[in-house]
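Breakdown of the fold
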Protein chains: 2
Amino acid sequence: MGEFELIRRYFSPLAGQSRAGSLVLGPGDDCAIERVASGHELVFSVDTLVEGVHFPAGYDPEHLGWRSLAVAASDLAAMGAQPVCFTLALTLPEASPEWLDPFSRGLSRASRAFGLELAGGDTTRGPLTLSLQVHGEVPSGAALLRTGAEAGDFLCVSGTLGAAGAALDYLDSVSPSEDERAVLERYHAPVPRLNLGIALRGVASAAIDISDGLLADLGHILEASGVGADLDCQAMPVSSAVTRLKGQAEALRLALEAGDDYELCVAIPPALWKELPEAVRTQLSIVGKVVSESGITGIEGSLVAGGYDHFGSK
Amino acid sequence: MGEFELIRRYFSPLAGQSRAGSLVLGPGDDCAIERVASGHELVFSVDTLVEGVHFPAGYDPEHLGWRSLAVAASDLAAMGAQPVCFTLALTLPEASPEWLDPFSRGLSRASRAFGLELAGGDTTRGPLTLSLQVHGEVPSGAALLRTGAEAGDFLCVSGTLGAAGAALDYLDSVSPSEDERAVLERYHAPVPRLNLGIALRGVASAAIDISDGLLADLGHILEASGVGADLDCQAMPVSSAVTRLKGQAEALRLALEAGDDYELCVAIPPALWKELPEAVRTQLSIVGKVVSESGITGIEGSLVAGGYDHFGSK
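Rules used throughout
Residues numbered from 1 in each chain as written. Chains lettered and ligands numbered in written order. Predicted model: local features only at pLDDT ≥ 70, side-chain atom pairs only at ≥ 80, totals over all residues. Heavy atoms only, no water. Domains from an automatic or database assignment. Contact = heavy atoms within 4.5 Å. Buried area = accessible area lost by both parts, 1.4 Å probe. Salt bridge = Lys/Arg side-chain N within 4 Å of Asp/Glu carboxyl O. Phe/Tyr/Trp six-rings, centres within 6.5 Å; stacked < 30°, edge-to-face > 60°. Helix = DSSP H or I, 4+ residues; strand = E, 2+ residues; numbered from the N terminus. Buried < 20%, exposed > 50% of the residue type's maximum accessible area, 1.4 Å probe, protein only. Lys NZ or Arg CZ within 6 Å of the ring centre and 35° of its normal. 1 Å grid on protein atoms, 1.4 Å probe; cavity = no way out; pocket = protein on both sides within 12 Å on 5 of 7 lines; lining within 4 Å. Points joined across faces, edges and corners; volume = space filled by probe spheres on them. Polar contact = N/O pair within 3.5 Å; in protein donor to acceptor, adjacent residues only side chain to side chain. Nonpolar A, V, L, I, M, F, W, Y, C, P; charged D, E, K, R; others polar. Pairing = 2+ DSSP bridges.

Describing the domain arrangement of chain A
All names here are of chain A. Split into domains, chain A comes out as domain 1 (3-139) and domain 2 (154-297). Opposite the 23 residues of domain 1 that make contact, domain 2 presents 17 residues. Roughly 1,600 Å² is buried in total at the junction of domain 1 and domain 2, and carbon and sulfur atoms are behind 63% of that figure. Our enumeration of links across domain 1 and domain 2 arrives at 1 salt bridge. With a closest N to O distance of 3.5 Å, aspartate 260 and arginine 67 form a salt bridge.

Overview of the packing of aromatic side chains
Summed over all chains, the structure comprises 12 aromatic pairs over all chains. When the centroid spacing of 6.1 Å and the interplanar angle of 85° are considered together, the rings of A:Tyr59 and A:Tyr187 count as edge-to-face. With A:Tyr59 in the loop between strand E3 (40-50) and helix H2 (61-79) and A:Tyr187 in helix H5 (residues 178-188), this residue pair connects regions lying 128 residues apart in the sequence. Judged on exposure class, the residue A:Tyr59 and its partner A:Tyr187 are both buried. Seen from their ring centres, A:Trp99 and A:Phe103 are 4.7 Å apart, and the 20° between their planes marks the pair as stacked. With A:Trp99 and A:Phe103 both in helix H3 (residues 97-114) and 4 residues apart, the pair spans about one turn of that helix. Here A:Trp99 and A:Phe103 have matching classes, each one buried. Put simply, the rings of A:Phe11, A:Trp99 and A:Phe103 touch in pairs and so form one group of aromatic residues. Its end group placed over the ring of B:Tyr187, B:Arg67 keeps NZ or CZ at 4.1 Å from the ring centre.

Notes on empty space enclosed by the protein
This structure, assessed with the given rule, holds 2 cavities of 30 Å³ or more. What the largest cavity holds in volume is close to 50 Å³. Along the walls of the largest cavity sit A:Val46, A:Thr87, A:Ala89, A:Ser131, A:Leu132, A:Gln133, B:Val46, B:Thr87, B:Ala89, B:Ser131, B:Leu132 and B:Gln133, which together make up its complete lining. Listed by contribution, the elements that provide at least two residues to the lining of the largest cavity are strand E4 (82-92) and strand E6 (129-139) of chain A together with strand E4 (82-92) and strand E6 (129-139) of chain B.

A closer look at the interface of chain A and chain B
Residue-level contacts link 64 residues of chain A with 63 residues of chain B. The partner of A:Glu41 in a salt bridge is B:Arg35, and the shortest N-O contact between them spans 3.1 Å. For the interface between chain A and chain B, the tally reads 20 residue pairs in polar contact (both at pLDDT 80 or more). Element by element, the count of residues in the side of chain A that touches chain B is highest for E3(A), at 9 residues. For the side of chain A that touches chain B, the per-class residue count stands at 31 nonpolar, 19 polar and 14 charged. Bridge count between E3(A) and strand E2 (residues 32-34) of chain B: 3 bridges; the pairing is antiparallel. Directly across from A:Val43, in E2(B), lies its bridge partner B:Ile33.

Here it is in structure tokens:
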């Protein structure tokens, strides 16, 4: 199978799935062309996944297809952006239908679910590596940034934390239990909080998605905003499946330190919190407050802010 | 050296080099933010370079820095787009200053030369792979496409052809001759025809950049436009250095079949050709005409349309 046939068969069907309709020209020319709505700005981010680093060697290609787009789209959620389109730079050792069929199926499902149309890409031969760049739109000046958190703001996280981190212990389970299946689902098929991010425009004073662990990612907000945090570990939305599998202490550690959950961590001024619609507030847990002194307090025991650093010598 | 230190030291200096000033937010948040000028469209393309496939193992990192951005920017030239910014997804085995210093120096020189500001990226550990996505702008509807060539149009190429292809034989030369140095320069430091592409807005009926070889890339224009070509090999702007190094027949073959020159191939209606400013016309050679019958005629001997197909079984 040649490169052009590969693109035609597996990836061309992913073009034309946009809700926004702002892609003027999709794959097939030297560049793609996108129209950004009047009064709006383009928001974009690139994420790379390398076999053996970001996912295990031999990882299920259908899960990989979904997961790679979900991970990238999560950065749009953290900015409060409306998804538009994405590009895929795919390097793979060989063009086998056994891999490409399920991969493109998972990617296509995610593409439809997130409203991200395939705009273009590049397919090359080499060690399995994926770089996905996602494009979104926000009304000018409305993007949620890491800067802007102020002392007194509530610190909130969406959903529950720790499941994707716990899942790493069960990736090879032959007949996983119900709880194991629940945490594996969080690892294989994360759901970026796109609608929540949009709902928090004009509300959240700062936002980030939790890819490297709550403490590490919250740390980025605190550093960018020049503030600190006082956390309430009792209020942490620890995954109940993880608590049953791992016990309370380890579940809390995973909720604070493990990555890959792709929930949002946001700061919200109390006055705006009260005005949030019930349907938005129920997606969030208040886990602490922003304080003026730098650093993070309220963490019991020997927890150390971790997170993943690719070239780390911590 | 950690990931954040690596980014701070080697790549943060490449942000803020834009001429356009349309980057609202550069590297450091979940996403970058770009403002597209009123009445304009965003034009973007992604290119991947893999060690051992697109450049030799152990290839000089300063050349690689320049070349990787030049290759990507060439797609903007082919669309007639004004360069704005780029993202870099860099996967590398280890964060060594011996590699990163010259790489970022070459990339930075190219960034300034092409007016492409670094907007964001992702740095991961793994086999050496680079994916660069370039962003440009065109007035709405003014982009040069592969479609649009019509019978009777002149077929033109910019500059000279064949040098980058010939250079592959001299990459390991210890003391290259003057001609060898000339062709090596074309391989190591290609210059995308950005200003020429912009000058051809409203003039060229179709355009592409020559990355895979003239016959292969012209073939994309012909297929997209539903036409054919009658070439005049006598008029081909064969590199004189290549003619001296390789002889006339092999130099012509390289001009037609070898890639990596990053010149433009465009179709121009004769009436518009006559109106082109002298300074633009001198950058172009008329190498044939568009004809209504599909296929390419006028190629002597046993030349076969080649070009590079990453998963090819030609």
